[in-house]
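Structure assessment
One letter stands for each residue in the lines below.
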Amino acid sequence: MRALIAIALACLAAAPVSAERAPDLVLTGALSGRDQHTYRELPFDVPKGTSRITVDVDYTGRAEKTTIDLGLLGPGGFEAQDGFRGWSGGGKHRFTVSATDATASYLPGAIEPGRWRILLSIPNIRPASNATFTAKVWLSKDDEGFGPEHGLTAALSSQDRWYRGDLHMHSAHSDGNCTSASGTRKVGCPLFLTVASAARRGLDFIAVSEHNTMSHVSELRELQPYFDTMLLIPAREVTTFEGHANLFGVSRTVDFRLGGKAVPDWNALLADVARAHGVISINHPRRPNDETCMGCGFTPRGPVDMRGFQAIEVVNGRDAQRADSGLPFWEAQLNDGLRITAIGGSDSHDGSDDPRDAYAGAIGTPTTVVHAREQSMEGILDGIRAGHVFVDAEGTRDRLLDVVATTGGARASMGDAIAVPAGAPLHVDVKTAGVTGAVLTVTVDGKRMDQFGKAIPVDGAASFDWPGDGGRHWLRVDVRAPDGGLLVLGNPLYVNH
Ligand SMILES: [Zn+2]
Ligand SMILES: [Zn+2]
């Protein structure tokens with residue numbers, strides 16, 4: 001069903017914070033030999049509206065074997081039912097606790113306002129030693145998301161380059177399953193196996209997108225240090241009766257019950273997501289929404305302001321060559337004047353390397369390739385917001401599509417806007433890799449260009465000129481097999497937008 005542009009969103013996403021912000025509290029203290037084998041509590045007050053507590057403790061005296069172990073107590077401490085919030089001993093200097101997730105060693109749960117305490121234990125300090133400690137505390141509000149200080153978002157690489165990933169998969173935290181260790185039955189697939197499969201594929205990032213829940217995020221926190229070349233992006237597949245949408249980078253709960261009092265329609269849900277600075281993408285928009293695929297197709301009951309979405313999953317699993325891929329739906333949005341990024345996702349429900357059904361691909365098929373300033377969550381999400389993306393439909397490890405357009409002194413890459421005056425030619429340079437024998441196709445406003453209809457052979461590089469008429473257009477370059485099959489889907493250049 002075609003959605004309409006009708007209602008303006010009240011809230012637009014603000015620029016995300018990519019640098020670690022200053023702590024809200026800094027607590028300091030001193031220890032001497034008399035503190036050997038004692039506990040000390042560092043109290044701090046948590047105001048109402050706090051949804052996450054992050055703590056980082058550093059201390060002096062390690063050369064003299066001074067050791068401080070760490071834990072966390074909520075209001076009420078050990079006497080309260082949920083007052084003990086975890087213990088990491090000497091294993092970690094930084095940890096985070098929220099309603100949805102926590103660092104391994106800590107317990108996720110409600111952040112009650114009141115007096116909390118960092119619990120220090122001193123298993124060793126020599127009789128003549130002295131030491132000082134500093135505890136930084138961040139108190140985060142609901143919509144702060146996964147700030148760098150909360151972990152999980154540190155950059156794995158600072159290189160400005162293309163990164164290859166998969167933005168859609170499921171594990172035992174929703175309906176992903178695989179064969180049990182004995183080989184005798186299908187069981188919920190442990191997230192670890194799903195992540196290990198993705199790492200074997202050599203991907204640079206994955207988003208684990210469980211249906212409506214974030215119960216996997218604590219485990220992602222545990223896995224990320226081990227999988228130190230593949231970024232793990234927290235996500236969920238917002239799963240409604242009127243379609244599915246992947247929401248990336250939002251840590252808090254999102255009410256998905258469209259039609260209810262709190263979330264009357266998609267516009268209300270999108271406004272909520274915008275407050276949390278998330279990236280949200282409509283999944284498999286052209287799937288049926290019936291007994292064969294319940295809630296799958298994007299079928300809003302009323303008008304939707306499509307500007308609330310940053311992306312559309314144009315290739316879902318192995319559907320790139322199918323009539324029910326998202327391509328016509330996406331092109332309709334582009335023709336309506338939207339700038340919205342095409343992405344892909346395997347929708348893998350199987351932690352092994354085999355796809356489960358006719359729709360889902362194996363992890364990494366397709367691969368979404370994002371040009372990002374760094375290999376971090378915000379780096380990848382900003383690359384998606386900007387449209388600096390192509391989709392490798394078959395999920396190879398090496399196919400590349402780079403499009404650079406110039407006119408006069410202006411320059412644009414895929415996803416960028418460029419002003420092209422009437423009569424001025426737009427010169428388009430295309431670089432490819434891994435597609436020898438393939439052809440380029442050029443699509444303008446949803447139509448294949450006549451003069452390029454025969455397709456341009458490509459093997460490394462190609463270029464062409466497109467005559468501008470001063471009007472508003474979008475122009476996209478794809479790579480196709482000689483039989484027309486889609487190999488690489490590009491994102492558009494936006495002319496005079
Ligand atoms: Zn879905
Ligand atoms: Zn899914």
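See above for the structure.
What you see is a predicted model, and the numbers here were worked out from it, not measured in a lab.

**Quick notes on the overall build of the protein**
- In terms of helices and strands, the protein carries five helices and 30 strands.
- Relative to its length of 497 residues, the protein is compact, with a C-alpha radius of gyration of 25 Å against a globular reference of 23 Å.
- Projected onto the principal axes, the alpha-carbon positions of the protein cover approximately 85 × 50 × 50 Å.
- Burial statistics for the protein: of 497 residues in total, 56% are counted as buried.

**Details of the nonpolar core**
- Core analysis: the biggest nonpolar cluster contains 36 residues, and Val195, Phe205, Ile206, Ile233, Phe248, Ile380 and Ile384 have the highest contact counts within it.
- Only α1 (191-200), β12 (205-211), α2 (217-223), β13 (231-240), β18 (367-372) and α5 (377-386) provide two or more residues apiece to this core.
- One finds Val250, Ile312, Leu338 and Val391 within the second-largest nonpolar core, a separate group that totals 35 residues.

**Concerning the coordination of the zinc ion (ligand 2)**
- The coordination sphere of the zinc ion (ligand 2) contains the protein donors His168 (NE2), His170 (NE2), Glu237 (OE) and Asp347 (OD), at a distance range of 2.1 to 2.2 Å.
- What the four donor atoms of the zinc ion (ligand 2) show is an angle range of 79 to 173 degrees at the metal, which sorts the shape as irregular.
- Each donor residue of the zinc ion (ligand 2) lies on the same chain, and together they follow the pattern H-x1-H-x66-E-x109-D.
- The metal-metal distance between the zinc ion (ligand 2) and the zinc ion (ligand 1) is 3.6 Å, with Glu237 serving as a donor to both. Of this pair, His168 sits in the loop between β9 (161-166) and β10 (177-179) while Asp347 sits in the loop between β17 (341-345) and β18; the two residues are 179 residues apart in sequence, bridging distant segments of the chain. One exposure class covers both His168 and Asp347, and it is buried.

**Some thoughts on the environment of Arg480**
- Residue placement: Arg480 occurs in strand β28 (residues 473-480).
- Apart from the residues lying within four places of it in its own chain, the contact partners of Arg480 are Leu327, Ala438, Val439, Thr441, Arg448, Gly485, Leu486 and Leu487.
- There is a polar contact of 2.8 Å between the side chain of Arg480 and the backbone oxygen of Gly484.

**Topic: the sheet that holds strand β8 (residues 130-141)**
- On the basis of which strands lie adjacent, the open sheet formed by four strands has the order β1-β8-β3-β6 and antiparallel pairing. Looking at which strands have only one partner, the edges of the open sheet turn out to be β1 (25-32) and β6 (94-98). The mean angle between the axes of side-by-side strands here comes to 20 degrees, regardless of whether they run parallel or antiparallel.

Calculation notes
- Residues numbered from 1 in each chain as written.
- Chains lettered and ligands numbered in written order.
- Predicted model: local features only at pLDDT ≥ 70, side-chain atom pairs only at ≥ 80, totals over all residues.
- Heavy atoms only, no water.
- Helix = DSSP H or I, 4+ residues; strand = E, 2+ residues; numbered from the N terminus.
- Rg over C-alpha atoms; globule rule 2.2 N^0.38 Å.
- Buried < 20%, exposed > 50% of the residue type's maximum accessible area, 1.4 Å probe, protein only.
- Core = buried A, V, L, I, M, F, W, Y, C linked by side-chain atoms within 4.5 Å.
- Donors = N, O, S within 2.8 Å, 3.2 Å for Na, K, Ca; no water.
- Tetrahedral: all angles 85-135°; square planar, octahedral: opposite > 155°, others 65-115°.
- Contact = heavy atoms within 4.5 Å.
- Polar contact = N/O pair within 3.5 Å; in protein donor to acceptor, adjacent residues only side chain to side chain.
- Pairing = 2+ DSSP bridges.
- Axes fitted to C-alpha atoms, helices over the stretch in contact; angles between N-to-C directions.

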